[in-house]
Amino acid sequence: METEKSVIPVWDEDFYGDDFLRDPIPRYARMREMGPVVWVAPQKMWAVTHHAPICEAARDAGTFISGKGLSLSDEVNAMLIGSTLHSDGARHHRTRSITSRPIMPRNLAPLQDAITETAEALAEDLVAKGRFDAVHDFAEVLPLTIVTDLIGLTGADKADLLRWASATFNLFDGFNARSREALPEMKQLQAFLKEHLRPEALKAGGLASRVFELAPEQGFTPAEAAQLLRDYINPSLDTTISASGFAALYFAEHPDQWQALRDNPGLIPNAVEEIVRLVTPIRGFSRYVAQDTELAGARMAESDRVFLVYASGNRDAAVFADPDRFDVTRPVRKHLGFGHGVHACMGMHLARAEMVALLTAMVRRVARWHLDGTPEIAMNNTIRAFARCPVRVEALS
């Protein structure tokens, strides 16, 4: 890939391969060393690895667009286009004005007591047990409670919600076995939304019911509003579960950082941001190049695919000193763990509220975290998370 400025380096390893997913951090480091943009040969896409050009591309939503879908597969994109995440311009503004309004900070305030009470009860139970799985017993509980009870989705088993969310994020490769296996799951989710998510079937006063109240303002039918509720099922689960599971690992490996929170609980909101930076639950998303352009020395053609590697940008030493170090006092304002630009995660306020509540409840009860076995990575094309992470906690005396 020769340009006027340089020869763009080529990455030959499968970006969605098992080895990459099991151990991504050193691979992102090698990609950054190769350059701010590399050509990923197996996926035939550009990967943007440095923080500055990731932000530049994310802000240029007219050139690097989402309305053609974020998957590398046209078949998958045909199923996804039209949701908030897979739209641009006026369409994106209209859908986001519907789905984001119920989860803005002022609208979440009435839910805070319920979030706190759920987190406190969970912490009390887990600390009494002493040993538990930081994924199923700790990280999954609060997000699932929020989606089913506070948001007000009904008619689906919690296991279904988790399976559908995982499948959605597996679709973004579009071609490998995980993507192919996820396609039927996505069709099940769409059928569920169509059949069960009607205004009369939702919990009265839940956040989901607000979507049906707001949709007519933007010209959406009830059937279209139901499909928009994917925005609550998918990102509301896996991303928060990912970060909370890794939080348990980080505090087990870095007891001094847990002690810092015990000494100063006011650090908890910043600790959440540092956890999200270091984990980067969503490794990144692809964009479709709408017109010939150049980014960080790479000349890109219309219809090319560009992957914004948030997980790499979050460990860019030009922005974060000693970037692989876990530091709950670190200034993290520029992290990309919730994305960047107009497509930044609209659920970030809810995710923060949940994680702050969880850590606050645990800080009051836990003296120290310990690993109690070997964590197992969940193999997902987009989400970095554990399938299981056995831990043990020492209760405060």
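The residue count restarts for each chain, going from 1 along the sequence in the order it is written. Per-residue local features are limited, in this predicted model, to residues with pLDDT of at least 70; the limit for side-chain atom pairs, both in listing and counting, is 80 or more; totals at the level of whole chains, interfaces and linings are taken over all residues. Side-chain measures were taken over the full set of non-hydrogen atoms in the model, leaving aside hydrogen atoms and water.

The name given to the protein in an unreviewed UniProt entry is Cytochrome P450, with Pseudaestuariivita atlantica as the source organism.

S.K.: Got a minute to help me understand the environment of Leu-308 in this structure?
M.R.: Here Leu-308 shows up in strand E9 (residues 305–308). We call a residue buried when its accessible area falls under 20% of the maximum for its residue type, exposed when it is over 50%, and partly exposed in between, using a 1.4 Å probe and counting protein chains only. Judged by relative accessible area, Leu-308 falls into the buried class, the value being 0%. Separated by 31 residues in sequence, Leu-308 and Gly-339 have C-alpha atoms that sit 9.3 Å apart. By definition in these notes, contact holds between two residues if any of their heavy atoms fall within 4.5 Å. Residue contacts for Leu-308: discarding those within four places in its chain leaves Val-48, Ile-54, Ala-57, Ala-58, Arg-283, Gly-284, Phe-285 and Arg-287. Secondary structure follows DSSP: runs of H or I at least 4 residues long count as helices, runs of E at least 2 residues long count as strands, and numbering of each begins at the N terminus.

S.K.: Just checking my understanding: could you explain the side chain of His-335 for this structure?
M.R.: Mapped onto the elements, His-335 comes out in the loop between helix H18 (310–313) and helix H19 (348–363). With sequence-adjacent residues up to four places away left out, His-335 is seen in contact with Glu-273, Val-276, Arg-277, Asn-314 and Phe-320.

S.K.: Help me out: how do you make sense of the sheet that holds strand E13 (residues 390–395) in this one?
M.R.: Where strands meet in a sheet, backbone hydrogen bonds hold them as pairs that are either parallel or antiparallel. Between any two strands, pairing holds if DSSP finds at least two bridges. One open sheet holds the three strands; their spatial order is E5-E13-E10, and the pairing between them is antiparallel. Of all strands in the sheet, those with a lone pairing partner are strand E5 (131–133) and strand E10 (366–371), marking the two edges. For this sheet, the mean inter-axis angle between neighbouring strands, taken without regard to orientation, is 30 degrees. Judged from the five bridges that link them, E10 and E13 form a sheet pairing that is antiparallel. Bridge assignment links Trp-369 to a residue of E13, and that residue is Val-393. Relative to the sheet, helix H7 (residues 112–129) contacts E5, E10 and E13, its axis offset from that of E13 by approximately 95 degrees. Each axis is a line fitted through C-alpha atoms, and for a helix only the stretch in contact is used; angles between axes span 0 to 180 degrees, taken between their N-to-C directions.

S.K.: So what exactly am I meant to see when it comes to unusual backbone geometry here?
M.R.: Negative phi is the rule for most residues except glycine; trans is the rule for most peptide bonds. Notably, Lys-44 is not glycine yet its phi reads approximately 50 degrees, a positive angle. Tracing the backbone shows Lys-44 in the loop between strand E2 (37–40) and strand E3 (45–48). Using a relative accessible area of 61% as the deciding quantity, one classes Lys-44 as exposed. In the Ramachandran plot, Ser-303 falls in the positive-phi region, its phi being about 85 degrees despite a non-glycine side chain. Positionally, Ser-303 belongs in the loop between strand E8 (298–300) and E9. On the accessibility criterion, Ser-303 (43% relative accessible area) is partly exposed.

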